[in-house]
Amino acid sequence: PEHVKAALIQAVKDDFNEYSPSEGLPELRDAICEKEKKVGDIDVLPENVIVSNGVSEGIQMVLAALIDAGSEILVPGPAYPPYISYTEFFGGKAVLYRTIEEDSWQPDLDDVRAKISDSTRALVVINPNNPCGALYDKKVVKALTDVAGEYGIPVISDEIYNQLAYDELVSTAKVANDVPVIGLNGFSKVYLMTGWRLGYVFFTGQDEKLLEELRENITKE
C-alpha cells in the first residue's frame, strides 16, 4: 500500500535505522493491539505482543518454548511444513489430526480428541487453512478451543490469512473464552509485504502463569 511505502521512505530519510527492542518497537506493538481489536474484536495488551521476523520465526520461537524431547504438537493434516520441521528440530513430534477432504477439509473433531495424550503441548489451528484453503466457521473454531480447554492445553492460532476471506472473520481468541491462545499473524499476505519479513506473536487467555512462562521463554529464544 502507498501509505506503507511512504512511511518506510520517510523513516529512511529520518535516519530511523537503529536497533529496536527485541520484542519490537513499543509504537508497533500498540498498533498491533489496536489492529487486533479492530479486526478480531479482541483485547491484547502491548506487553503480550512480540514482533518476529515473519510468522515463520514466530512459529519457531513458540515451538522452542513449548517443546521438550518427546513432546507432541497437534497439527492439522495436511500441514504447513514448518510446524512439523520445527517441532522435530526441537526433539518433539508433530501429530497430524485428520481434516476431511469430502467436507471441504474441515477438522475431524473426534480425531483431534483421540490424538491428545499426556505429551501434547498445544493444538494448532490454521484458519484460513494453509495449504488446503479451508475456512472454519465460529462453531468449528469454538469446538476446537473447547477440546483444548478440556485437556488443559493452549491453542496456537495461525491467522496470517484471516483478512483474505469473503466470509465472516472468526477470531480464535474471541471464541476461546479462558483457553490460552497463542496468536500468530503478520503483514505479508494482506499488505503484500512478504519481503519485509514482519510478523508477530500475541497471547490471550486467563492462565497467567502459563502465558508468563511462554512470554519469558520466547523472549529468551
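Residues numbered from 1 in each chain as written. Predicted model: local features only at pLDDT ≥ 70, side-chain atom pairs only at ≥ 80, totals over all residues. Heavy atoms only, no water.

This paragraph deals with the pattern of salt bridges. Taken as a whole and assessed by the stated rule, the structure comprises 10 salt bridges. For Asp41, the salt bridge goes to Lys174, with nearest N and O atoms at 2.8 Å. Within this pair, whereas Asp41 is found in the loop between α2 (26–40) and β1 (49–52), its partner Lys174 is found in helix α7 (residues 172–175), the two being separated by 133 residues in sequence. Given a relative accessible area of 35%, Asp41 falls into the partly exposed group. The salt bridge partner of Arg215 is Glu212, with a shortest N-O separation of 2.3 Å. Note that Arg215 and Glu212 are positioned in helix α8 (residues 208–220) at a spacing of 3 residues, about one turn of the helix. The exposure class of Arg215 is buried, given its relative accessible area of 13%. (Salt bridge = Lys/Arg side-chain N within 4 Å of Asp/Glu carboxyl O. Helix = DSSP H or I, 4+ residues; strand = E, 2+ residues; numbered from the N terminus. Buried < 20%, exposed > 50% of the residue type's maximum accessible area, 1.4 Å probe, protein only.)

Taken together, the 8 strands give an open sheet; going across it, the order is β1-β8-β7-β6-β5-β2-β3-β4, and neighbouring strands pair in mixed fashion. Bordering the open sheet on either side are β1 and β4 (106–107), each of which pairs with just one other strand. Sheet analysis places strand β7 (residues 181–186) next to strand β8 (residues 199–204), joined by 6 bridges and oriented antiparallel. Within β8, the position partnered with Ile182 by the bridge is Phe203. Most of the contacts of α2 go to β1, to which it runs at about 110°, and overall it touches β1, β7 and β8. Strands β2 (72–77), β3 (93–100), β5 (120–126), β6 (155–158) and β7 of the sheet are contacted by helix α4 (residues 81–89), whose axis makes an angle of about 155° with β3. (Pairing = 2+ DSSP bridges. Contact = heavy atoms within 4.5 Å. Axes fitted to C-alpha atoms, helices over the stretch in contact; angles between N-to-C directions.)

Another aspect to go through is helix α1 (residues 2–13). The end-to-end C-alpha separation of α1 is 17 Å, in line with the 16 Å expected for 12 residues at 1.5 Å each. Downstream of α1 by one or two residues, Asp15 has phi in the positive range, about 55°. (Expected span 1.5 Å × (residues − 1).)

Attention shifts here to unusual backbone geometry. Following Gly77, the chain continues to Pro78 via a peptide bond in cis, the omega torsion being -5°. Among the secondary structure elements, Pro78 is positioned in the loop between β2 and α4. Omega for the peptide link from Asn127 to Pro128 comes to -5°, which places this bond in the cis form. Looking at the element boundaries, Pro128 is found in the loop between β5 and α6 (138–151). The backbone phi angle of Asp41 is positive, close to 60°, even though this residue is not glycine. For Ser104, which is not a glycine, the phi torsion comes out positive at approximately 55°.

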